[in-house]
Structure formats: structure tokens, C-alpha cells
Amino acid sequence: MNQVKAHQPVVGVMLGTNRTARIGAAVAEWAMTALQSARYDLQLIDLATVKLPFLDEPDVPAHGHYQQPSTQAFAQSIAACDGLILVFPQYNWGYPAVLKNALDTVYAEWQDKSVGTIIYGRHTFQADIAIRLVLAGLGMRQLATNVGCQLQSTTTKATVAADFKPFEPLVQAMGDEMALQLAHAAH
């Protein structure tokens, strides 16, 4: 008897910063550890290594006629994800341009995907407000559980896991909510 293995959902963890001196990689690693679940696989999408050109397509993304190899590859990586967690710093009461560019580069690939945010910085709620408008416009299903991690003045790459430990239960709750949404969408 031939058994077909059920599709294991994939949650992309998109690191939305490309600054040279960033703690983002440590935050994404911490988030992926807290999000671990047998109910889905995690896939890191680091925008610093993706290196999307800014608005490089001859046509608007909503038409889906991607010409550039970088856009085509990015579209495939987003399409391969069943849900996304965006991990990014708050920059000047908003979110990084590299993340906005990623959101603007493709269109249909975002539609109806579950999405949560983990924002770190000192003023995370403004960045949350700004990103929510864009995610809604892209037709994404926003999780109710989103996390704003307050940076301490002493937070470094080496101290992220310890400094953000109080936020782990919230990130785990976000992962539980993501798993429920993915299970519901599969039926």
C-alpha cells in the first residue's frame, strides 16, 4: 500500500533588515528557536542575502509579469511559504526600506497568507501600525498575536536571547496561532 505523506506547512521567517551592523540575525535565530514546532517547518529568508534591487521590474507587481531573475527567485521563495513571520527592527517609528521593497516587489504571492510580526526596538508600536496597513493592502491574514520586543540600551547580538527571554511565551503563542491558521487553511 502506497502512503502519501501529508504536506508539512512552511513558515518563512523573513528578516527585514540589511544593515551591516545589525543584531537582526541574532533576533531571527532567537525567534526561530522560540517558533519551533512539529506542525510546520521554518525557512529563513534574510533580505540582506536576497539583495532585491529597488523596484526593478518594468511592469507593476500586481500584473505578475516578473522579468528580473531576482524577482522570479524571490516570488518562488514566497510562494513556497504557507505563512510568514516578519522579524524586523523599528526604524524612525516605521520599518526598514528593504522590507518595504520586498513587500512591493511581488504581489499575488502575498495574497491570503497568514502573517505575524516580531518587531524589536524602542518604539515598536508605531512600526506595527505602519506595517499593518501594508499587510492588509496585500490581502494577508494578520495574526492576532504579534510581538514588540523592547531593546535595552545594553542589548547586543550576544545578549538577544537573554534579553528577549520574557517575550518567548508570546512568540510561542504566535507560533500556535500560525499552526491553527495553517491547519484551518488546509481544510
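Residues numbered from 1 in each chain as written. Predicted model: local features only at pLDDT ≥ 70, side-chain atom pairs only at ≥ 80, totals over all residues. Heavy atoms only, no water.

Novice: Can you walk me through the side chain of Thr155 in this structure?
Specialist: Its place among the elements puts Thr155 in the loop between strand S6 (147–150) and helix H6 (160–163). Judged by relative accessible area, which is 14%, Thr155 ranks as buried. Here Gln152 takes part through its backbone nitrogen, which lies 3.0 Å from a polar atom of the side chain of Thr155. For Thr155, the side chain forms a polar contact with the side chain of Asp163, separated by 2.8 Å. Sequence-distant contacts of Thr155, defined by excluding residues within four places in its chain, comprise Ile23, Val160 and Asp163. (Helix = DSSP H or I, 4+ residues; strand = E, 2+ residues; numbered from the N terminus. Buried < 20%, exposed > 50% of the residue type's maximum accessible area, 1.4 Å probe, protein only. Polar contact = N/O pair within 3.5 Å; in protein donor to acceptor, adjacent residues only side chain to side chain. Contact = heavy atoms within 4.5 Å.)

Novice: Is there a simple way to think about the layout of surface pockets in this case?
Specialist: Any empty space left between the atoms is revealed when a probe the size of a water molecule rolls over them. The volume enclosed by the largest pocket comes to roughly 160 Å³. Lining the largest pocket, in full, are His7, Gln8, Pro9, Asp82, Asp112, Arg141, Leu182, Ala183, Ala185 and Ala186. If one sorts the elements of the lining of the largest pocket by residue count, helix H7 (residues 168–186) sits on top with four residues. When the residues that make up the lining of the largest pocket are grouped by side-chain class, the tally is five nonpolar, two polar and three charged. (1 Å grid on protein atoms, 1.4 Å probe; cavity = no way out; pocket = protein on both sides within 12 Å on 5 of 7 lines; lining within 4 Å. Points joined across faces, edges and corners; volume = space filled by probe spheres on them. Nonpolar A, V, L, I, M, F, W, Y, C, P; charged D, E, K, R; others polar.)

Novice: Looking at this model, I keep getting lost on the packing of aromatic side chains. Mind explaining?
Specialist: To describe a pair of aromatic rings, you give the distance between the ring centres and the angle between the ring planes. If you walk through the whole model with that rule in mind, you get four aromatic pairs. Ring geometry for Phe88 versus Tyr95: centroids 6.2 Å apart, planes at 70°, classification edge-to-face. An angle of 90° between the planes, with centres 6.0 Å apart, marks the rings of Phe164 and Phe167 as edge-to-face. Classification of Phe164 as buried rests on a relative accessible area of 0%. Since its relative accessible area comes to 18%, Phe167 is described here as buried. Among the aromatic residues, ring-to-ring pairing joins Trp30, Phe164 and Phe167 into one connected group. Taking the ring centre of Tyr91 as reference, the NZ or CZ of Arg19 above it sits at 3.9 Å. (Phe/Tyr/Trp six-rings, centres within 6.5 Å; stacked < 30°, edge-to-face > 60°. Lys NZ or Arg CZ within 6 Å of the ring centre and 35° of its normal.)

Novice: Got a minute to help me understand the environment of Tyr40 in this structure?
Specialist: Its place among the elements puts Tyr40 in the loop between helix H1 (24–35) and strand S2 (41–46). In this structure Tyr40 comes out as buried when scored by relative accessible area, which is 3%. In sequence terms Tyr40 and Gln72 are 32 residues apart; their C-alpha atoms lie 25 Å from each other. Look past the residues within four positions of Tyr40 in its chain and what remains in contact with it is Gln8, Pro9, Val11, Leu35, Gly175, Ala179 and Leu182. For Tyr40, the side chain forms a polar contact with the main-chain oxygen of Leu35, separated by 2.6 Å.

All quantities given are derived from atomic positions and should not be read as evidence of function.
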